[in-house]
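Coordinates in review
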Amino acid sequence: MTHPLPPLRRTLLAAVLPAVLVLAGCGGQGEEEPTSYLLTDLEGGTAAPGDVTLPAPTQSPTDPDRPRRTPGDGDTGTDGNGGADAPSGEELVALVSAAAGQVETVRIAIGNQTPPPDIEASVVYGGTDAYDATLLITPDQPQVLFRRVQGTFYAGTAEGLEAVDPDDPRLSSVAGGVVPAFLAWNPLLDLRAALEGAQDVAVGGPETIDGVEVTSYEFLLDVGELPRPSLVVPDQVTGTAQVTFSVDADDLPVRLRLQRETGGTASVVVVDYSGWGERVQIEVPPGA
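We now turn to the structure provided with this report. Not measured: the values here are computed from a predicted model.

Inspection of the secondary structure puts Tyr 217 in strand S11 (residues 215-222). Sequence separation between Tyr 217 and Ala 202 is 15 residues; the distance between their C-alpha atoms is 5.6 Å.

This brings us to empty space enclosed by the protein. As enumerated under the stated definition, the model contains 2 cavities of 30 Å³ or more in all. Those elements that provide at least two residues to the lining of the largest cavity are strand S2 (105-111), helix H5 (187-196), strand S13 (253-262) and strand S14 (265-274). Residues that form the lining of the largest cavity fall into these classes: 12 nonpolar, no polar and 1 charged.

For the rest of this paragraph, the subject is helix H3 (residues 89-100). Spanning 12 residues, H3 covers 16 Å between terminal C-alpha atoms, matching the ideal 16 Å at 1.5 Å per step. Most of H3 is tucked away: 9 of the 12 residues are buried. By the burial criterion, the buried members of H3 are Gly 89, Leu 92, Val 93, Leu 95, Val 96, Ser 97, Ala 98, Ala 99 and Ala 100. For H3, the secondary structure elements touched by its buried residues are H5, strand S8 (199-203), S11, strand S12 (240-247) and S13.

What follows concerns the pattern of salt bridges. The final tally for this structure, using the stated rule, is 5 salt bridges. Arg 255 is paired through a salt bridge with Asp 272; the nearest N and O atoms lie 2.6 Å apart. Taken as a pair, Arg 255 in strand S13 and Asp 272 in strand S14 lie far apart in primary sequence, 17 residues in all.

So, about the pairing of S12. For S12, a buried count of 6 out of 8 residues is recorded, marking the element as mostly surrounded by other parts of the structure. As paired strands, S11 and S12 are joined by 8 bridges and run antiparallel to one another. Looking at the pairing, Leu 220 lines up with Gln 242 of S12. Across 6 bridges, S12 lies against S13 in antiparallel orientation. Paired with Val 247 across the two strands is Pro 253, which belongs to S13. In textbook terms, the turn of a hairpin is the stretch between consecutive antiparallel strands, and for S12 and S13 this stretch comprises 5 residues, one of which, Asp 251, has a positive phi near 70 degrees.

Cut-offs and rules
Every residue gets a number counted from 1 within its own chain, in the order that chain's sequence is written. Owing to the predicted nature of the model, reporting of local features is limited to residues with pLDDT of at least 70; listing and counting of side-chain atom pairs is limited to 80 or more, with chain, interface and lining totals taken over all residues. Side-chain figures throughout are based on the complete set of non-hydrogen atoms in the structure, without hydrogens or water. Numbering of helices and strands starts at the N terminus; helices are DSSP runs of H or I of at least 4 residues and strands are runs of E of at least 2. We place a 1 Å grid over just the protein atoms. Points where a 1.4 Å probe fits but has no way out form a cavity, open points with protein on both sides within 12 Å along at least 5 of 7 lines form a pocket, and any residue with an atom within 4 Å of a point lines it. Grid points are joined across faces, edges and corners, and a volume is the space filled by probe spheres set on the points. Here the term charged refers only to Asp, Glu, Lys and Arg, the term nonpolar to Ala, Val, Leu, Ile, Met, Phe, Trp, Tyr, Cys and Pro, and the term polar to all other amino acids, Gly among them. Between the first and last residue of a helix there are one fewer steps than residues, each counted as 1.5 Å, and that sum is the expected span. Note on classification: 1.4 Å probe, protein chains only; a residue is buried when its accessible area is under 20% of the maximum for its type, exposed when over 50%, partly exposed between these limits. By definition in these notes, contact holds between two residues if any of their heavy atoms fall within 4.5 Å. We define a salt bridge as a contact between a side-chain nitrogen of Lys or Arg and a carboxyl oxygen of Asp or Glu at a distance within 4 Å. Paired strands, as defined in this entry, are two strands with at least two bridges between them according to DSSP.

See below:
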């Protein structure tokens, strides 16, 4: 049975599979071993940990006196609902920037509230700006693969990847599907825009997510603040979203949840962050 597409898939992804197959061709020519471009872990790597796309904090990211807050540490105001102690969007940006500046990798999943997610990616940010992503259209179709490595964007399937020219005229048409959004994707820039656009921040939301203790903040967001093209909301969407943003004890994002009304129905997109600083390998595709 074919599962109905959630709103994000219906709007953004309807044409992506045929487009990617046209763009990627057969791919995978040649039998040589892939070139290992990047191997990074907590002990160091090729990215520059302090060079992140979030604004630089006022203190050095390695400074033990950098801006911090921990769950339950002065997060609620006298009214128990954020009050005067709730941070502003700019303060959330500073906290997250300082924390993210100490590591260089993250795993991201984007989808609605029902697993599996539409998009899963391993990301290396900083000086390298690379990612390896998979896109699920429907359960009965193969995953589409997108990769950015050494400044080149690749698309295809498990059968092979080929480089995509960002100036390809097909990408400016409807047939380009979600490819332009992946070409421009900067997940930390998405996060920064969401936090900077926060209105009326209050403390609230889940206290744990998948067993991780979190501090959560709720606020309103004009979705027009998000970069476009976007993997988080369809390009034509306007209006306000109710956002819940959760961070762990180290101020690293755990979840960004956006809910908005579309035709009287709630549409929810969830962005999950995990594996901060874990080892990631991204390779130039064989034969590319």
